[in-house]
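# A structural walkthrough
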Amino acid sequence: MRLSRYFLPILRETPKEAEIVSHRLMLRAGLIRQQSAGIYSWLPLGKRVLDNIGQIVREEQNRSGAIEILMPTIQSADLWRESGRYDDYGKEMLRIEDRHEREMLYGPTNEEMVTEIFRSYVRSYRELPLNLYHIQWKFRDEVRPRFGVMRGREFLMKDAYSFDVDYEGARKAYERMFVAYLRTFDRMGLKAIPMRADSGPIGGDMSHEFIILASTGESEVFCSRKLLDMPIPPADIDFRGDLSPIVDAWTTPYAATDEKHDAAAFNALPEEDRVTARGIEVGHIFYFGTKYSEPMGAKVTGPDGTDRPVHMGSYGVGVSRLLGAVIEASHDEAGIIWPDSVAPFAVGLINLKPGDKATDAAADALYEQLANAGLDVLYDDRDERAGAKFATMDLIGLPWQVIVGPKGVAAGEAEVKRRQSGERQTLPLGAVVKRVTGK
């Protein structure tokens, strides 16, 4: 993509409303545009990152055995009355009426709707286990939206829902999601620590939040230092096998959010093993048994021939929130530093002298070669000062920068910069693609 033809509205000044680094950089780098409190338009660069994050989430959900569906944003209030949550949920739920005066709501979560789908089709334990997920927009009317996409009112979320015949099956489903989440966040360059947490309005008696340690986190968290170096399950993990040893290894060391914090247990740890920090929640998993299936009549016939309510779990990932979390974890004074896996483009190609025949030819040739190698390239072909081009590329944080100028071209060379490390190399033009791709 040529930058001269792209829509990238860079802000030179930091917006006054931006309180934390991720919010400032998302606005300045042209990822989002605030439309009202806690509600944003996703501009082209931000949309590309959002899609990349969503794809990683989708791949790990599919690998774990979950099946993708898509449920609507608007739900009937009747379903929520069946579960008993309509009046209990609070003012965060946006309640509306259609033209026929039917009570509706903009879904903050989907336990009721997915339970209704399940009960309409599944009759026997032989059809279990089942895990259905979707990636959909949600709305919660936060009393004080802040920190950009970290605490917005409208947000993109992956929510999955497991159905099992008994507690033992539900526990295995919980463990599959636990492991899938560890892998998901690791692929984004994030170290997410699972912590015992309160279930809130979702309900249930087993719950973990996945927390990114960051100074701008919304709550205080406590954990054992052992968790900072805990190995991530490999890509070839067998989700059909026994995952309890992995889950036990991650949940045995102390880790809790402030709501579940046990000061006595934490202080019993050796002082050098205690970590107290701020944290950003990026995922939350719950087991809640028959909380929804029982009142809503979601039953299956068991092996003994009797009907029983299914055991359920719910598993959320804040897809749009993850952009903020990644930036909080990976930035410097110049701007964002995207991990390769979620970057909007792999390479920023800078032509230092557009209009110069030799420089244009070399930059155009590299643009074609990089694209043919399967890389997404943002080619800065604008007639702009070199300093402004460098500042733009550092701000938007693409993993690689390839810099082509008249002096380098005359010597048959280009400069390659790795954004994460700041390392610069001058290479022959023919070696650039190999350096960037590693092939």
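Here is what the cut-offs are and how they apply
- Residues numbered from 1 in each chain as written.
- Predicted model: local features only at pLDDT ≥ 70, side-chain atom pairs only at ≥ 80, totals over all residues.
- Heavy atoms only, no water.
- Helix = DSSP H or I, 4+ residues; strand = E, 2+ residues; numbered from the N terminus.
- Buried < 20%, exposed > 50% of the residue type's maximum accessible area, 1.4 Å probe, protein only.
- Areas by Shrake-Rupley, 256 points an atom, 1.4 Å probe, with all protein chains shown as cover.
- Lys, Arg positive; Asp, Glu negative; His and termini not counted.
- Charge placed at Lys NZ, Arg CZ, Asp CG, Glu CD.
- Pairing = 2+ DSSP bridges.
- Axes fitted to C-alpha atoms, helices over the stretch in contact; angles between N-to-C directions.
- Salt bridge = Lys/Arg side-chain N within 4 Å of Asp/Glu carboxyl O.
- Contact = heavy atoms within 4.5 Å.
- Polar contact = N/O pair within 3.5 Å; in protein donor to acceptor, adjacent residues only side chain to side chain.
- Core = buried A, V, L, I, M, F, W, Y, C linked by side-chain atoms within 4.5 Å.

This part takes up the overall build of the chain. Within the chain, the regular secondary structure consists of 13 helices and 23 strands. The 439 residues of the chain split such that 53% are buried. Split by element, the accessible area of the chain, about 19,500 Å² in all, is 47% carbon and sulfur. Here the chain contributes 57 positive and 66 negative side-chain charges, whose respective centroids are spaced 4 Å apart.

With that out of the way, let us pick up the sheet that holds strand 5 (residues 94-97). Overall, antiparallel pairing links the three strands, which are arranged 4-6-5 in an open sheet. The open sheet terminates on both sides in strands that have one partner only, identified here as strand 4 (74-76) and strand 5. The sheet shows a mean angle of 40° between the axes of neighbouring strands, direction not considered. Two elements, strand 5 and strand 6 (residues 103-106), share four bridges in a ladder whose sense is antiparallel. Within strand 6, the position partnered with Leu94 by the bridge is Tyr106.

Time to look at the pairing of strand 21 (residues 400-404). Extensive coverage of strand 21 is indicated by the burial of five of its five residues. Residues of strand 21 alternate between two faces, with Trp400, Val402 and Val404 on one and Gln401 and Ile403 on the opposite face, all of them buried. Judged from the five bridges that link them, strand 19 (residues 347-351) and strand 21 form a sheet pairing that is parallel. From the neighbouring strand, Gly348 faces strand 21, where its bridge partner is Gln401. Of the pairings in the sheet, the one linking strand 21 to strand 22 (residues 413-418) comprises four bridges and is antiparallel in character. By the bridge assignment, Ile403 is partnered in strand 22 with Glu415.

As a working rule, side chains carrying opposite charge can pair if their charged atoms are close by. Within the structure shown, the criterion is met by 30 salt bridges. Of the charged contacts in the structure, one is a salt bridge between Asp78 and Arg81, with a shortest N-O distance of 3.9 Å. Of this pair, Asp78 and Arg81 both sit in helix 3 (residues 77-83), three residues apart, which is roughly one turn of that helix. Judged by relative accessible area, which is 37%, Arg81 ranks as partly exposed. Here Glu103 ties to Arg81 by a salt bridge, and the two come within 2.8 Å at their closest N and O atoms. Note that Glu103 is positioned in strand 6 and Arg81 in helix 3, a separation of 22 residues in sequence. Shared partners join several salt bridges into a network, and the residues in it are Glu59, Glu60, Arg63, Arg183 and Arg187.

For the rest of this paragraph, the subject is the environment of Ser76. Take Ser76: it is sitting in strand 4. With 82 residues separating them along the chain, Ser76 and Lys158 place their C-alpha atoms 20 Å apart. Each residue touching Ser76, except ones within four places of it in the same chain, is listed here: Glu103, Met104 and Leu105. A polar contact of 3.1 Å, which involves the side chain of Ser76, links it to the backbone nitrogen of Asp78.

The next point concerns the nonpolar core. Leu31, Phe185, Phe210, Trp338 and Ile396 are the most contacted members of the largest nonpolar core, which has 86 residues in total. Broken down by element, the residue count for this core peaks at 10 residues, all from helix 5 (residues 167-187). Residues Met71, Tyr86, Val114 and Ala298 belong to the second largest nonpolar core, which totals 26 residues.

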